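Here is what each chain is made of, one letter per residue.
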Amino acid sequence: MNAPEPVAALSAAERATRQRDVVAALQRVLPAHALLWQPEDTTPYECDGLTAYRERPLVVALPETEAQVAAVLKTCHRLQVPVVARGAGTGLSGGALPHALGVTLSLAKFNRILKVDPASRTATVQCGVRNLAISEAAAPHGLYYAPDPSSQIACTIGGNVAENSGGVHCLKYGLTIHNVLRVRGFTVEGEAVEFGSEALDAPGLDLLAVVVGSEGMLAVTTEVTVKLVPKPQLARCIMASFDDIRKAGDAVAAIIADGIIPAGLEMMDKPMTAAVEDFVHAGYDLDAEAILLCESDGTPEEVAEEIDRMLDVLTGCGAHRLEVSKDEAQRLKFWSGRKNAFPASGRISPDYMCMDSTIPRNCCNVFHAGDGNLHPLILFDANDPDQLERCERFGADILETSVRLGGTVTGEHGVGVEKLSSMCVQFTPEEREQMLALKHAFDPAGLLNPGKVIPTLHRCAEYGKMHVKKGLLPFPELERF
């Protein structure tokens, strides 16, 4: 990982002039309370959940209507000012890191649930609606929204679309891309655009799959139609303890190989269970080297059969302690520990960097065990520059090792600024050229979330030189530079 490429330097006077011009232009399309530019007002927007990198935006715009969003984009496009869309700021890859000479477009005020349709099992919501709020609105109809990131009480559906977020139940129910039918938004020029439809399929190119996970680089999302699924009649969770982390990893592969698709399949190692248990008192086995949380949901008959099958597999893989949730309260307690892993880490370290790569399921030491999504936390103190540099190197090595094993550099957190250099390892120059061409088709001037996700040839060349200098085994990809 490397820090973001620097923005061309401007003198204080030049920055002030640019800011004055942008503010004056936006004051014509936004009410006074929807525009921030004083340092004390814009500083809270200087980073998202990846706090290692910070940048204060030139201006923050907080539109309240789609017409205002369009007007802001048209104004910025005319002035050739970069725009970075922002939701709740819970992202962990720096995808919402502001541009020093651009506008941060906060969509926090787009927080209305427009329609819940139990007949079609869909909900149409504005982009700033919290993930969990969708399920709360659908609950009276016996429905819910399946993707459940750990930050679901705060993260917004617009951010979920940008990052193609997952969650602990994505193994059975899929990621955001599998649960979204339609996305409405605006191009960089301020023109309304829709991707997908409320039908199960849409005519033409599948641009919905392009936009979901595009990290705000192709369009600004303002409205989303999602699928809803029936709440299961019953859900039960197994907590399985292992005296060896490799046994736990082998158990994951064994469960899938047996033809079982659990509703959730998560793994935590001993240091993490200790941190979490002290925080939420979930009832975890603190003597285990690793624990698995394995959930089944459905009818009571289906759950009973699947729980028995999983218990047999887990026992055969060396689980020395098995506990099945007795009721809904205990099941939620088991999951509360897993979903509070990140805040629990914040109690024991000044800073942490949460990695997000994927590896094949037959490898061990994963967090979203069922789909191989790895979330190791690197604890460090950002006040010590040496610790930050070592943390970045360690994180890069984890991502590169994941690629060597046949995985990817990101599973759900996105690339943002955190993994730009690591993309040089995974993708060939030809593949990156196609990514740039797609970006150019939507945003020829490169104004939407610029400088992220698509690594430049220069960056990859420098990354290759750094690899050789560190004495690491070079990837064939990096030998091209």
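Residues numbered from 1 in each chain as written. Predicted model: local features only at pLDDT ≥ 70, side-chain atom pairs only at ≥ 80, totals over all residues. Heavy atoms only, no water.

Structural notes on the overall build of the protein chain
Secondary structure assignment for the protein chain yields 16 helices and 19 strands. In the protein chain, which comprises 481 residues, the proportion classed as buried is 54%. Across the protein chain, every contact between residues at least 6 apart in sequence was considered, and the portion connecting residues at least 24 apart equals 71%. On the protein chain, roughly 20100 Å² of surface is accessible, and the fraction owed to carbon and sulfur atoms is 54%. (Helix = DSSP H or I, 4+ residues; strand = E, 2+ residues; numbered from the N terminus. Buried < 20%, exposed > 50% of the residue type's maximum accessible area, 1.4 Å probe, protein only. Contact = heavy atoms within 4.5 Å. Areas by Shrake-Rupley, 256 points an atom, 1.4 Å probe, with all protein chains shown as cover.)

Side note on unusual backbone geometry
Phi angles above zero are rare outside glycine, and Asn164 is one such case at about 50°. Note on placement: Asn164 falls in the loop between helix 5 (157-163) and helix 6 (170-173). The exposure class assigned to Asn164 is buried, which follows from its relative accessible area of 16%. Phi angles above zero are rare outside glycine, and His281 is one such case at about 55°. With respect to the helices, strands and loops of the structure, His281 is situated in the loop between helix 9 (270-280) and strand 14 (290-298).

Regarding the sheet that holds strand 6 (residues 122-126)
The sheet built from 5 strands is open, its strands ordered 5-6-10-8-9 with antiparallel pairing. Either end of the sheet is taken by a strand with one partner, and the two such strands are strand 5 (113-117) and strand 9 (192-196). Averaged over all adjacent pairs, the angle separating strand axes in this sheet is 10°, with direction ignored. Note: strand 8 (residues 180-186) against strand 10 (residues 220-227), 6 bridges, orientation antiparallel. Residue pairing for strand 10: Val180 is matched across the bridge by Val226. Along the sheet, helix 4 (residues 131-138) contacts strand 5, strand 6 and strand 10; its crossing angle with strand 5, the most-contacted strand, is approximately 45°. (Pairing = 2+ DSSP bridges. Axes fitted to C-alpha atoms, helices over the stretch in contact; angles between N-to-C directions.)

Topic: the pairing of strand 12 (residues 234-242)
For strand 12, the buried fraction is high: 7 of the 9 residues fall into the buried class. By the bridge criterion, 4 bridges tie strand 12 to strand 15 (residues 321-324) in an arrangement that is antiparallel. Its bridge partner being in strand 15, Ser241 is matched across the sheet by Arg321.

A look at the sheet that holds strand 15
An order of 13-14-12-15 is seen for the 4 strands of this open sheet, with the pairing classed as antiparallel. Looking at strand neighbours, the two that pair on one side only are strand 13 (264-269) and strand 15, the edges of this open sheet. The average angle at which neighbouring strand axes cross in this sheet is 15°, direction not considered. Along the sheet face, helix 9 touches strand 13 and strand 14 and points at about 95° away from the line of strand 13.

A closer look at the nonpolar core
If you look at the biggest cluster of nonpolar residues, it comprises 26 residues, and the most contacted ones within it are Val59, Val69, Leu73, Val103 and Leu105. Among the secondary structure elements, those contributing two or more residues to this core are helix 1 (12-26), strand 2 (59-61), helix 3 (66-79) and strand 4 (103-106). Counting residues per element, this core draws most heavily on helix 3, which supplies 5 residues. Every residue in contact with Leu73, bar those within four places of it in the chain, is listed here: Val83, Leu105, Phe186, Thr187, Val188, Gly190, Val220 and Leu448. With 23 residues, the next largest nonpolar core counts Ile238, Ala240, Phe242 and Met267 among its residues. (Core = buried A, V, L, I, M, F, W, Y, C linked by side-chain atoms within 4.5 Å.)

With respect to the pattern of salt bridges
Pairs can form between side chains of opposite charge whenever their charged atoms are close. By the definition in use, this model includes 25 salt bridges. With a closest N to O distance of 3.3 Å, Arg309 and Asp258 form a salt bridge. Linking Arg309 in helix 10 (residues 300-316) with Asp258 in the loop between helix 8 (245-257) and strand 13, this pair joins segments that are 51 residues apart in sequence. Given a relative accessible area of 31%, Arg309 falls into the partly exposed group. Two residues, Arg390 and Asp386, come together in a salt bridge whose shortest N-O distance is 3.3 Å. (Salt bridge = Lys/Arg side-chain N within 4 Å of Asp/Glu carboxyl O.)

Looking at helix 13 (residues 385-404)
For helix 13, built from 20 residues, the straight-helix expectation of 28 Å at 1.5 Å per residue is met to within 8% by its first-to-last C-alpha distance of 29 Å. N-cap assignment for helix 13: the residue whose side-chain oxygen lies 3.0 Å from the backbone N of Asp386 is Asp384. Backbone geometry just downstream of helix 13 places Gly406 in the positive-phi region, at approximately 100°. (Expected span 1.5 Å × (residues − 1). Polar contact = N/O pair within 3.5 Å; in protein donor to acceptor, adjacent residues only side chain to side chain.)

Overview of the confidence of the model for the protein chain
The predicted model of the protein chain has a mean per-residue pLDDT of 89, with 90% of residues at 70 or higher. This model gives residues 471-481 a pLDDT under 50, and the stretch forms 32 contacts once residues within four places in sequence are excluded. (pLDDT = per-residue confidence, 0-100.)

Some details on helix 3
If you check helix 3, its first and last C-alpha atoms are 20 Å apart, about what 14 residues at 1.5 Å a residue would give, namely 20 Å. Along helix 3, the positions that sit buried rather than exposed are Gln68, Val69, Ala70, Ala71, Val72, Leu73, Thr75 and Cys76. At the C-terminal side of helix 3, Gln80 shows a positive phi close to 60°.

Some details on the packing of aromatic side chains
A complete count under the given rule lists 2 aromatic pairs for this structure. Pairing Tyr144 with Tyr173 gives two aromatic rings, centres 6.4 Å apart and planes at 75°, and the pair type is edge-to-face. Residue Tyr144 is located in strand 7 (residues 143-144), and its partner Tyr173 is located in helix 6; the two are separated by 29 residues in the primary sequence. (Phe/Tyr/Trp six-rings, centres within 6.5 Å; stacked < 30°, edge-to-face > 60°.)

Describing a negative patch on the surface
A surface patch of like charges, here negative, comprises Glu301, Glu302, Glu305, Asp308 and Asp312. Examined against the element boundaries, Glu302 turns out to sit in helix 10. According to the relative accessible area criterion, Glu302 is partly exposed, its value standing at 46%. (Patch = residues over 30% accessible without salt bridge, like charges linked within 9 Å, V, L, I, M, F, W, Y side chains within 5 Å. Lys, Arg positive; Asp, Glu negative; His and termini not counted. Charge placed at Lys NZ, Arg CZ, Asp CG, Glu CD.)

Description of the side chain of Gln330
Along the chain, Gln330 falls in helix 11 (residues 328-339). Judged by relative accessible area, Gln330 falls into the buried class, the value being 18%.

Regarding the packing of helix 1 against helix 3
Orientation of helix 1 relative to helix 3, taken along the N-to-C sense of each, is 145°, at an axis distance of 10 Å. Judged by the sense of rotation from one axis to the other, the crossing of helix 1 with helix 3 is right-handed. For the pair helix 1 and helix 3, the contacting residues are Val22, Ala25 and Leu26 in the first and Val72, Thr75, Arg78 and Leu79 in the second. Residue composition of the contact of helix 1 with helix 3, grouped by class: 5 nonpolar, 1 polar and 1 charged. (Left-handed = near helix turned anticlockwise from the far one by under 90°. Nonpolar A, V, L, I, M, F, W, Y, C, P; charged D, E, K, R; others polar.)

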